[in-house]
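What follows is the residue order along each chain.
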Amino acid sequence: MERTFVAVKPDGVQRGLCGEIMKRFEQRGFRLVAAKFQQASEEHMQKHYLDLKDKPFYQGLCKYMSSGPVFAMVWEGRSIVKLGRMMLGETNPADSKPGSIRGDLCIDIGRNIIHGSDTLENAKTEIGLWFKAEELVDYKPCSQAFLYE
Ligand code: IDP
Ligand code: MG
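Residues numbered from 1 in each chain as written. Chains lettered and ligands numbered in written order. Predicted model: local features only at pLDDT ≥ 70, side-chain atom pairs only at ≥ 80, totals over all residues. Heavy atoms only, no water.

1. A look at the layout of surface pockets
Computed from the structure, the largest pocket encloses a volume of approximately 670 Å³. Forming the boundary of the largest pocket are 27 residues, of which Tyr49, Asp51, Leu52, Leu61 and His115 lie nearest the centre. Mapped onto the lining of the largest pocket, the elements with two or more residues apiece are helix H3 (42-48), helix H4 (58-65), strand S4 (114-116) and helix H7 (120-130). Ranked by the residues each element gives to the lining of the largest pocket, the list is headed by H7, at four residues. (1 Å grid on protein atoms, 1.4 Å probe; cavity = no way out; pocket = protein on both sides within 12 Å on 5 of 7 lines; lining within 4 Å. Points joined across faces, edges and corners; volume = space filled by probe spheres on them. Helix = DSSP H or I, 4+ residues; strand = E, 2+ residues; numbered from the N terminus.)

If you want it as structure tokens, here you go:
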């Protein structure tokens, strides 16, 4: 089983989309491992987006991501890193297909409402940055036998 890091960004929180986004991951059959509602510091967001530090939008992005609360989550399931990214849609909502979260719920690349890890390696780093080991909850959902052959 893989784990991925997902966060509803400040625009998604303000627009009341946390429930809609959780619903999609739940209904797909993924298991919620951890969740945290918090306002992150700008320094924290700079660490989170370190790989983008040379991009012209980096400072504005980190400022925006720390401007209000985010809903940070860890989800688990088979191939969840790849499937989660497919559920998100493309970085630019204008390129995202209807049916995807960004394709259904937002318009602007700078207000694309959700973050999701893009590789297994980055997922591990991001989960470690946002959650302590003891915040990751271990349990067996009763649906497991009906989700996986
Ligand atoms: P991702 O969120 O789909 O993984 P990344 O390339 O990792 O996309 O970029 C991180 C975030 O930075 C995006 O979700 C988006 O909010 C913002 N971003 C990416 N490219 C641009 C841009 O060209 N202009 C403004 N913001 C951008
Ligand atoms: Mg990314």
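Structure shown, so let's carry the discussion forward.
2. Examining the packing of helix H2 (residues 18-28) against helix H5 (residues 80-88)
Packing of H2 against H5 leaves a shortest axis separation of 12 Å and a crossing angle of 135 degrees. As summarised for this structure, H2 and H5 are arranged oblique, according to the angle between their axes. Every pair of crossing elements has a handedness; the one defined by H2 and H5 is right-handed. Residues Arg24, Phe25 and Arg28 of H2 form the contact with H5, whose participating residues are Leu83, Gly84, Met87 and Leu88. Considered class by class, the residues forming the contact of H2 with H5 number four nonpolar, one polar and two charged. (Axes fitted to C-alpha atoms, helices over the stretch in contact; angles between N-to-C directions. Parallel < 35°, antiparallel > 145°, perpendicular 65-115°, else oblique. Left-handed = near helix turned anticlockwise from the far one by under 90°. Contact = heavy atoms within 4.5 Å. Nonpolar A, V, L, I, M, F, W, Y, C, P; charged D, E, K, R; others polar.)

3. A short note on the state of the cysteines
Using the criterion set out here, one finds zero disulfides in the structure. No disulfide involves Cys18; its nearest neighbouring cysteine sulfur is the one of Cys106, lying 14 Å away. Its relative accessible area of 18% is what places Cys18 among the buried residues. With no disulfide of its own, Cys62 has Cys106 as its nearest cysteine by sulfur position, at a separation of 19 Å. (Disulfide = S-S within 2.5 Å. Buried < 20%, exposed > 50% of the residue type's maximum accessible area, 1.4 Å probe, protein only.)

4. Some details on H2
Each turn of an α-helix holds 3.6 residues, which means side chains three or four residues apart point in the same direction. Turning to H2, its buried residues are Cys18, Ile21, Met22, Arg24 and Phe25. The arc that holds every buried residue of H2, seen down its axis, measures 155 degrees, which confines them to one face. The first or second residue beyond H2 is Gly29, which carries a positive phi of 115 degrees. (Arc of directions from axis to C-beta.)

5. Comments concerning the site of ligand 1
Around ligand 1, a shell composed of Lys9, Tyr49, Leu52, Phe57, Leu61, Arg85, Thr91, Arg102, Ile109 and Asn112 is seen. Here an oxygen atom of ligand 1 and a side-chain polar atom of Arg85 are 2.7 Å apart. A distance of 3.1 Å separates an oxygen atom of ligand 1 from a polar side-chain atom of Arg102. Protein contacts shield 75% of the accessible area of ligand 1, which totals 530 Å² for the unbound molecule. Assessed atom by atom at 2 Å from the grid points, ligand 1 resides in the largest pocket. Among the residues forming the shell around ligand 1, the class breakdown is five nonpolar, two polar and three charged. (Near = heavy atom within 4 Å. Polar contact = N/O pair within 3.5 Å; in protein donor to acceptor, adjacent residues only side chain to side chain. Areas by Shrake-Rupley, 256 points an atom, 1.4 Å probe, with all protein chains shown as cover. Sits in = over half its atoms within 2 Å of the grid points.)

6. Structural notes on the sheet that holds strand S2 (residues 31-38)
Spatially, S2-S3-S1-S4 is the arrangement adopted by the four strands of the open sheet, whose pairing is antiparallel. The open sheet has two edge strands, S2 and S4, and neither has a second partner. Within the sheet, the average angular offset between the axes of one strand and its neighbour, ignoring direction, is 15 degrees. Bridge count between S2 and strand S3 (residues 70-77): seven bridges; the pairing is antiparallel. (Pairing = 2+ DSSP bridges.)

7. Comments concerning the environment of Arg111
Mapping Arg111 onto the fold places it in the loop between helix H6 (101-105) and S4. Each C-alpha atom, one on Arg111 and one on Trp130, is 21 Å from the other, the two residues being 19 residues apart in sequence. Ignoring any residue separated from it by four or fewer positions in sequence, one finds Arg111 in contact with Asp11, Tyr64 and Cys106.

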